[in-house]
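Below, each chain spelled out in residue letters.
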Amino acid sequence: MNQLTRYLPILAWGRQYNRQTLVSDMLAAVIVTIMLIPQSLAYALLAGLPAEMGLYASILPLVAYGIFGTSRTLSVGPVAVVSLMTASAVGQIAATGSVGYLEAAMLLALMSGLFLLAMGLLRAGFLANFLSHPVIAGFITASGIIIAFSQLKHVLGISAHGENLLQMLISLARHLGDTNPITVAVGVPVLVFLFWVRSGLKPLLVKLGMADYPASLLAKTGPVLGVVATSVAAYYFGLGEKGVSLVGKVPVGLPNLQIPALDNPAWKHLLVSAIFISIIGFVESVSVGHTLAAKRRQKISPDQELIGLGAANIASSFSGGYPVTGGFARSVVNFDAGAVTPAAGMYTAGGIALAAIFFTPYLAYLPTATLAATIIVAVLSLVDLSILKKTWNYAKSDFIAVATTLLVTLGLGVETGVACGVFASLALHLYKTSKPHMAVVGEVPGTEHYRNVNRHRVITHSDILSLRVDESLYFANASYIEDRIYALLESQPEVRHVVLMCTAVNEIDLSALEALESINTRLIDHGIKLHLSEVKGPVMDTLQRSHFLQDLSGQIFLSHHQAVTSLSRHPATPGTGPSQNWDI
C-alpha cells in the first residue's frame, strides 16, 4: 500500500479529506478560476495558439496533477516562459494558426510529458541541477523582456515579428507608422490599470474598510475587470469594425479527447525543445512547490513531481492543450486563498470547464490588446536585472553565467540562451575546480587545529610540508595539484615529509590517483615521504581497491595533528601571519 501511495499521493491526502477541507478548497478554486480565465487566454495568445487552447490546457492537467503530484497547493497550467518556448519551437516548423501548428503544439506537450514521466520513473530529478539558479534567473529575466516586447504589437495594433529582442525592436520600429489609435486607446488604459491594480488596489480597498486578506485576493483578480470592461466596450462601440483585433469566435464546449499523431515527422524537430521545456518547467515548478510547502512544514518529492508534471502534460496533449507546468502567480494565489489539498486544483479545473462551455461565446469581443496587456504586466514581474549586481558583487563566475544566459537569450533566442547558460555554468565550474585552493597549514598554538600560514599565526616545522587541498581530486585538477606540490618543495629544501590534509576531498578519480602515484614515486627519488591525513571513509574505500596504499612511502593518519606530532623531528617555528582571519 505504501508503494502505491508513493505513486498515487491522492490516496494519502484523500483519506484525510473532510467537510472543512472541502470548503477551503472550493473557496480557493473559485478565486483561482476567476484569475486563470484571462491568464490562460493570454498565454495561449503568447504561444501563437487559439484562445480556447489556454482553457483546455487548464482543465485535465490540473486533474492529472492532483492525482499524481505531491504539492498540496501547486497550480498547474500554461505559464509565460513555457508559452514563449512553445511558440519559438513550433513556429520553426509550421505557420502560426495553421493546423500543423496546433498539432505540433499538442505533440510537444505529449513529448514533454513522456520525457518528464521517464525522468520520474528513473528518479532522474537530479538532472535539473545542471540548471543553476543564476542561469534560471538570467533566462527568466531575458524571457520576460522578450515576451513584453513581443506583445507591444498587439497593444499598438500593428504587425511585427522577430525571434529575438533586436529583430522585434527593428520590426516594431518599421511598423510604428501603422499604429491603430483606437487599439492604443484600449490597450494602454488596460495596461495602466493592471499596473495600478498590482500595487494600488489593495491599499485602496483596505483604506475603504476591507480586511487585508480579502483585499489582497480581490487585487489579484484585477485582470477580470479589464477583460469584462474592454469586451463590453468592443461590443457596444463596434471596435472590431474599426480595426481593433478581437479574439473572435471561440468554439463552445470541451475539446474532444484525442492522442496526437505519433507518426508526425515534426517530433524530430521538437525533441530538443521538448527536453528544454521539460527541464525548465520542472525547475520552476519544484522551486515554487518547495517554497509553498515549507511555509506549512510540508514536503514534496522531486521525483514524484516529475511524474505528476509528466501526467499533466500528457493530459494536456490528449485534451487539445499545449505544454504546462506549475506557475508561480497562480500557485501563490491558490495558497493564499486557503487551498489545503490538490483537490482545489481539480475544482478549479471544473470551473475552467464550465467557463469553456458557457463563457466562450462572449470571448468573441475580447480585444487581443487586453490579453497582451495582461501578459506584459505578468511577465515584467519576472524581470530581475538586480541579479546582475548581486552576482557581480558575490561571485564573478555566477555573473558570467547570468550575463551569458541573459545576453544570448535576448540576442539569439530562448533555447540557445538556455544551452549557453548551462554550458557557461559547467565550464566555469570546471575552471574553478581545475585550480583548487591549496593552503600550507600550521598548528594554531594551544589547539589541534591547523590553519593557513598566510592568514593565522601558526606553528610549522621545516621538515614537514602540511598542505590542505580544498577540493575533490579529479582529472581537471590532477596536474595542477602535482605542479603546486613540486613548486612548494623547490622553495623548501629541508622538507622530508609531505602531508596532504584531505578533509575537503570527497572523491579521488583514476586520473588523480595516477597523479598521486606519480607524486609518490618522484618524492621517493628525492628522499621525501608522502602521507595522507583525515581521509574520508568513501575515499579510503576507493584507495583500497588500488595498489596505491601498498606503494605509498608514508602513512595514513586519522588526524592531521597526529601526523605532525608523529613526523616532526625539527624544532617548531612560530608563524608570522595575522592573529585572526575569517578565511581558514
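Look a little higher up for the structure.
Let me begin by describing the structure that accompanies this report. From a predicted model like this one, the values you see are computed outputs, not experimental measurements.

Focus: the pairing of strand β7 (residues 497–501)
And then number 1: For β7, the buried fraction is high: 5 of the 5 residues fall into the buried class.
And then number 2: Burial along β7 is two-sided: the face carrying His497, Val499 and Met501 and the face carrying Val498 and Leu500 are both buried.
And then number 3: Pairing geometry for strand β6 (residues 464–469) and β7, over 5 bridges, is parallel. Looking at the pairing, arginine 468 lines up with methionine 501 of β7.
And then number 4: The parallel pair β7 and strand β8 (residues 529–533) is bridged by helix α22 (residues 510–525), and the resulting crossover is right-handed.

So, the nonpolar core
And then number 1: Residues Leu41, Val76, Met85, Phe139 and Leu270 are the most contacted members of the largest nonpolar core, which totals 102 residues.
And then number 2: Here the element with the most residues in this core is helix α13 (residues 267–295); it accounts for 12 residues.
And then number 3: Apart from the residues within four sequence positions on either side, leucine 41 is in contact with Ala51, Leu55, Leu363, Leu366 and Leu371.
And then number 4: Judged by nonpolar contacts, the second largest core, of 33 residues, contains Ala478, Leu500, Ile519 and Leu532.

Comments concerning the packing of aromatic side chains
And then number 1: Counted by the stated rule, this structure contains 7 aromatic pairs.
And then number 2: With a centroid separation of 5.0 Å and an interplanar angle of 85°, the aromatic rings of tyrosine 235 and tyrosine 365 are classed as edge-to-face. On the criterion of sequence distance, the pair formed by tyrosine 235 in helix α12 (residues 222–237) and tyrosine 365 in the loop between α16 (343–358) and α17 (368–380) is long-range, its members being 130 residues apart.
And then number 3: Look at tyrosine 365 and you get partly exposed, because its relative accessible area is 35%.
And then number 4: Through successive ring pairs, a cluster of aromatic residues spans Tyr235, Tyr236 and Tyr365.
And then number 5: Just above the ring of tryptophan 392 sits the side chain of lysine 396; from NZ or CZ to the centre is 4.6 Å.
And then number 6: Directly above the aromatic system of tyrosine 486 lies the positively charged group of arginine 522, at a separation of 3.9 Å from the ring centroid.

Comments concerning the layout of surface pockets
And then number 1: Considering only enclosed or pocket space, the largest pocket measures out at about 1200 Å³ in volume.
And then number 2: Lining the largest pocket are 46 residues, with Phe328, Ala329, Ala378, Ser381 and Leu382 sitting closest to its centre.
And then number 3: When grouped by side-chain class, the residues that make up the lining of the largest pocket number 28 nonpolar, 11 polar and 7 charged.
And then number 4: Quantified by volume, the second largest pocket comes out at close to 650 Å³.
And then number 5: Around the second largest pocket, the lining is made up of 27 residues, and of these Leu46, Ala87, Thr96, Lys153 and Gly162 lie nearest the centre.
And then number 6: Listing elements by their share of the lining of the second largest pocket, those giving two or more residues are α3 (19–46), α6 (80–90), α7 (99–121), α8 (133–156) and α9 (165–174).
And then number 7: Class assignment of the residues belonging to the lining of the second largest pocket gives a composition of 14 nonpolar, 11 polar and 2 charged.

So, how was this worked out
Residues numbered from 1 in each chain as written. Predicted model: local features only at pLDDT ≥ 70, side-chain atom pairs only at ≥ 80, totals over all residues. Heavy atoms only, no water. Buried < 20%, exposed > 50% of the residue type's maximum accessible area, 1.4 Å probe, protein only. Helix = DSSP H or I, 4+ residues; strand = E, 2+ residues; numbered from the N terminus. Pairing = 2+ DSSP bridges. Right-handed = clockwise from strand over helix to strand, strands pointing away. Core = buried A, V, L, I, M, F, W, Y, C linked by side-chain atoms within 4.5 Å. Contact = heavy atoms within 4.5 Å. Phe/Tyr/Trp six-rings, centres within 6.5 Å; stacked < 30°, edge-to-face > 60°. Lys NZ or Arg CZ within 6 Å of the ring centre and 35° of its normal. 1 Å grid on protein atoms, 1.4 Å probe; cavity = no way out; pocket = protein on both sides within 12 Å on 5 of 7 lines; lining within 4 Å. Points joined across faces, edges and corners; volume = space filled by probe spheres on them. Nonpolar A, V, L, I, M, F, W, Y, C, P; charged D, E, K, R; others polar.

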